[in-house]
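The chain contents come next:
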Amino acid sequence: MSPGFQGRRRSAGPALPPGQYLTEDFPVLSAGPTPRVRPDAWEFVVTTETGTEHRWTWAEFTALPQETPTVDIHCVTRWSKLGTTWQGVSLDVLLDGVDTDAAYALVHSYGGYTTNLPLADLRGGRAWVVHGYDGRDLPAEHGGPARLLVPHLYLWKSAKWVRGMRLGVTDTPGFWETAGYHDYGDPWREQRYAGD
Amino acid sequence: MTDMSYLDGNMLDGPLREVFAVDVSGATGRCASCGATGPMAGLRVYSHAPGLVARCPACAEVMLRLVRGPDRAWLDLRGITFLQVPLPPA
């Protein structure tokens, strides 16, 4: 290994994953009409592989311990945005009382969107359900009232308008994963399409 | 015993080439979700997305998805029961 190849550069500006460009605005991507979900009608449901359901109303969800992660986000359409600040609840908190042997999660949203992730990627302080962005309530066009945030994977995994997740022992591909996109989607390994 | 009741998928090349060479936006499609039938040009296409997502104008369910990679494409027509394609008389 060459001596200069021991990690990302820290001094020469922001490091972007391969094939990405930096953007300062916040593009809105959507595969359908924007759902308008009132917080008093919102709920988040985790369903285990045995069918046990864990539910949170908006009031219960927002009463959980809050975090304000500042993270870089990377969209598979090649834009990246650095230093975005969100407010929400760690998946570690939401999964704390969930008894499961599942290895995968199929996340589902109001409006019908789905995406799949290994359950391990939702743990360890790397994933949140967020309801605030940049100090304000999360706007509907960016996934409000609440969306998933999993910044170490391409942003299509961070499902907008999140409603819940079904845990399973087997992997079930979601909306884009059944249409050619990579099952895992690591931007640093440029896993855009199936087989990448 | 050899099953002679089917043909190799290569035989689809000619028949499908005739169908897929047409302008599909001029075809008629039936929504697999609600049954609404109308011109493909009438679908609502969401293009600010990782792929094209075409939805039924009646029920908003997904009828067609097209993802274009640098050297491949994926076409999902699960949301369409049929495509009716106008052709010249055989």
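Residues numbered from 1 in each chain as written. Chains lettered and ligands numbered in written order. Predicted model: local features only at pLDDT ≥ 70, side-chain atom pairs only at ≥ 80, totals over all residues. Heavy atoms only, no water.

Focus: the overall build of chain B
Now for step 1: Within chain B, the regular secondary structure consists of 1 helix and 7 strands.
Now for step 2: The order of α-helices and β-strands along chain B, N terminus first, is α-β-β-β-β-β-β-β.
Now for step 3: The C-alpha atoms of chain B give a radius of gyration of 16 Å, which is well past the 12 Å a tight globule of 90 residues would have.
Now for step 4: Within the span of chain B, comprising 90 residues, buried residues form 24% of the whole.
Now for step 5: Sequence-distant contacts in chain B: of pairs separated by 6 or more residues, those separated by 24 or more amount to 36%.
Now for step 6: Here chain B has roughly 6,200 Å² of accessible surface; of this, 58% comes from carbon and sulfur atoms.
Now for step 7: Here chain B contributes 8 positive and 8 negative side-chain charges, whose respective centroids are spaced 11 Å apart. (Helix = DSSP H or I, 4+ residues; strand = E, 2+ residues; numbered from the N terminus. Rg over C-alpha atoms; globule rule 2.2 N^0.38 Å. Buried < 20%, exposed > 50% of the residue type's maximum accessible area, 1.4 Å probe, protein only. Contact = heavy atoms within 4.5 Å. Areas by Shrake-Rupley, 256 points an atom, 1.4 Å probe, with all protein chains shown as cover. Lys, Arg positive; Asp, Glu negative; His and termini not counted. Charge placed at Lys NZ, Arg CZ, Asp CG, Glu CD.)

Brief notes about the UniProt feature "domain: Oxidoreductase molybdopterin-binding" (unreviewed entry) in chain A
Now for step 1: As recorded in UniProt, the sites labelled "domain: Oxidoreductase molybdopterin-binding" (unreviewed entry) are residues 32-176 of chain A.
Now for step 2: Secondary structure content for residues 32-176 of chain A is 6% helix and 39% strand, and the end C-alpha separation is 13 Å. (UniProt positions renumbered as here; feature names shortened; annotations may be inferred.)

A few points about a nonpolar patch on the surface
All names here are of chain B.
Now for step 1: Together, Leu 7, Met 11, Leu 12, Leu 16, Phe 20, Val 45, Leu 52, Leu 66 and Leu 75 line one region of the surface with nonpolar side chains, adding up to about 800 Å² of accessible area.
Now for step 2: Relative to the helices and strands, Phe 20 is located in helix α1 (residues 13-20).
Now for step 3: Among the residues examined, Phe 20 registers a relative accessible area of 46% and is labelled partly exposed. (Patch = residues over 30% accessible without salt bridge, like charges linked within 9 Å, V, L, I, M, F, W, Y side chains within 5 Å. Salt bridge = Lys/Arg side-chain N within 4 Å of Asp/Glu carboxyl O.)

Some points on the sheet that holds strand β3 (residues 44-46) of chain B
Hydrogen bonds between backbone atoms are what pair the strands of a sheet, whose relative direction is either parallel or antiparallel.
Residue and element names in this part refer to chain B.
Now for step 1: Spatially, the 4 strands line up as an open sheet ordered β3-β4-β5-β6, and their pairing is antiparallel. Among the strands making up the open sheet, the edge pair consists of β3 and β6 (73-76). Direction aside, neighbouring strands of the sheet carry axes that sit 15 degrees apart on average.
Now for step 2: Where strand β4 (residues 52-55) lies against strand β5 (residues 62-68), 4 bridges are found, and the strand directions are antiparallel. (Pairing = 2+ DSSP bridges. Axes fitted to C-alpha atoms, helices over the stretch in contact; angles between N-to-C directions.)

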